[in-house]
Amino acid sequence: AQTVTQSQPEMSVQEAETVTLSCTYDTSESDYYLFWYKQPPSRQMILVIRQEAYKQQNATENRFSVNFQKAAKSFSLKISDSQLGDAAMYFCAYEAEYGNKLVFGAGTILRVKS
Amino acid sequence: DTGVSQNPRHKITKRGQNVTFRCDPISEHNRLYWYRQTLGQGPEFLTYFQNEAQLEKSRLLSDRFSAERPKGSFSTLEIQRTEQGDSAMYLCASSFPPTGTTTYNEQFFGPGTRLTVL
């Protein structure tokens, strides 16, 4: 069975600084997808960024980028120029190709200090 | 609002009572998922539907849990004889199924129903 591990229960970053959230996963599949979801307090979860395992190039979405290391089964999220609105719980998630469910990590709470 | 909606947003019940939650997916989406999220943890998959067919159920979905999607539109999740361990956030999500060009599901989540069992 696939597993996703987020080893940082909580992280803090100063506004305008950069922070990296870590994620590792375990799978025997060769084709799959990895996601970072953001869950603000009392609000619904939204997709931040997606990475296809067959792509070597790391995904980027504005201030959000990933460092995908397939051999190491590592998938970290970098947030540049952190903003107060980035404060939330961040979940790393895995889905097999043609899969039908997401497997989530336990999450990392990100606090942004002004 | 064209997003995923869930009702009620909060439910407080006494142990042993039955509860039912509703999820209305994005109208064009034919896949619908239920997840459970306990405090401080990530969501865990419970079940999913493609149209009205329930195609997979997690072992987390005990006999006290039942989910339906009778016309392939909204879905209900019922918990019978609730227990304190059922206290959690129940999340619903919807998506298109993978196609020939897109082999993943981008799941859109609702706000959740928070269940408290006293």
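As shown above, the structure is provided for reference.
Residues numbered from 1 in each chain as written. Chains lettered and ligands numbered in written order. Predicted model: local features only at pLDDT ≥ 70, side-chain atom pairs only at ≥ 80, totals over all residues. Heavy atoms only, no water.

1. Describing the sheet that holds strand β1 (residues 5–7) of chain B
Residues and elements named next belong to chain B.
Okay, step 1: Spatial strand order, β1-β3-β8-β7: four strands in an open sheet with antiparallel pairing. The open sheet terminates on both sides in strands that have one partner only, identified here as β1 and β7 (65–68). Taken over all neighbouring pairs, the strand axes of this sheet differ in orientation by 15° on average, direction set aside.
Okay, step 2: Relative to strand β3 (residues 19–24), β1 runs antiparallel, the two sharing three bridges. Each residue of the ladder has a partner; that of Ser5, found in β3, is Asp24. (Pairing = 2+ DSSP bridges. Helix = DSSP H or I, 4+ residues; strand = E, 2+ residues; numbered from the N terminus. Axes fitted to C-alpha atoms, helices over the stretch in contact; angles between N-to-C directions.)

2. As for the interface of chain B and chain A
Okay, step 1: The interface is formed by 24 residues belonging to chain B together with 20 residues belonging to chain A.
Okay, step 2: Taking both partners together, chain B and chain A bury about 1900 Å²; carbon and sulfur atoms supply 50% of that area.
Okay, step 3: Ionic pairing is found between Lys101(A) and Glu56(B), a salt bridge with its closest N-O pair at 2.7 Å.
Okay, step 4: Linking chain B with chain A are six residue pairs in polar contact (both at pLDDT 80 or more), by the criterion used here.
Okay, step 5: Sorting the residues of the side of chain B that touches chain A by element identifies β4 (31–37) and β5 (44–50) of chain B as the ones contributing at least two each. (Contact = heavy atoms within 4.5 Å. Buried area = accessible area lost by both parts, 1.4 Å probe. Salt bridge = Lys/Arg side-chain N within 4 Å of Asp/Glu carboxyl O. Polar contact = N/O pair within 3.5 Å; in protein donor to acceptor, adjacent residues only side chain to side chain.)

3. Remarks on unusual backbone geometry
Okay, step 1: At the junction of Asn7(B) and Pro8(B), the peptide bond is cis and its omega measures out at -10° in the coordinates.
Okay, step 2: Examined against the element boundaries, Pro8(B) turns out to sit in the loop between β1 and β2 (10–13).
Okay, step 3: Positive phi, normally seen in glycine, also occurs at Lys73(A), with a value near 55°.
Okay, step 4: Looking at the secondary structure, you find Lys73(A) in the loop between β8 (64–69) and β9 (74–79).
Okay, step 5: Using a relative accessible area of 26% as the deciding quantity, one classes Lys73(A) as partly exposed.
Okay, step 6: In this structure, Arg81(B) is a non-glycine residue whose phi angle is positive, near 50°.
Okay, step 7: Looking at the secondary structure, you find Arg81(B) in the loop between β8 (75–79) and β9 (88–95).
Okay, step 8: On the accessibility criterion, Arg81(B) (46% relative accessible area) is partly exposed. (Buried < 20%, exposed > 50% of the residue type's maximum accessible area, 1.4 Å probe, protein only.)

4. Some points on the environment of Ala72(A)
Residue and element names in this part refer to chain A.
Okay, step 1: Inspection of the secondary structure puts Ala72 in the loop between β8 and β9.
Okay, step 2: Assessed through its relative accessible area of 56%, Ala72 is described here as exposed.
Okay, step 3: Distance in space between the C-alpha atoms of Ala72 and Lys38 is 24 Å, their sequence separation being 34 residues.

5. Here we look at the state of the cysteines
Okay, step 1: Tallied over the entire structure, the rule returns two disulfides over all chains.
Okay, step 2: Disulfide pairing places Cys23(A) opposite Cys92(A) at an S-S distance of 2.0 Å. Disulfide Cys23(A)-Cys92(A): torsion about the S-S bond near -70°, hence left-handed. Here the residue Cys23(A) occupies a position in the loop between β3 (19–21) and β4 (24–26), and Cys92(A) occupies one in strand β10 (residues 88–96), the gap between them amounting to 69 residues. Each member of the pair Cys23(A) and Cys92(A) is classed as buried.
Okay, step 3: Here Cys23(B) connects covalently by a disulfide to Cys92(B), the sulfurs 1.8 Å from one another. Looking down the S-S bond of the Cys23(B) and Cys92(B) bridge, the torsion is -70°, so its handedness is left-handed. Here Cys23(B), found in strand β3, pairs with Cys92(B), found in strand β9; they are 69 residues apart in sequence, far enough to count as distant. As far as the burial class goes, Cys23(B) and Cys92(B) line up, both buried. (Disulfide = S-S within 2.5 Å.)

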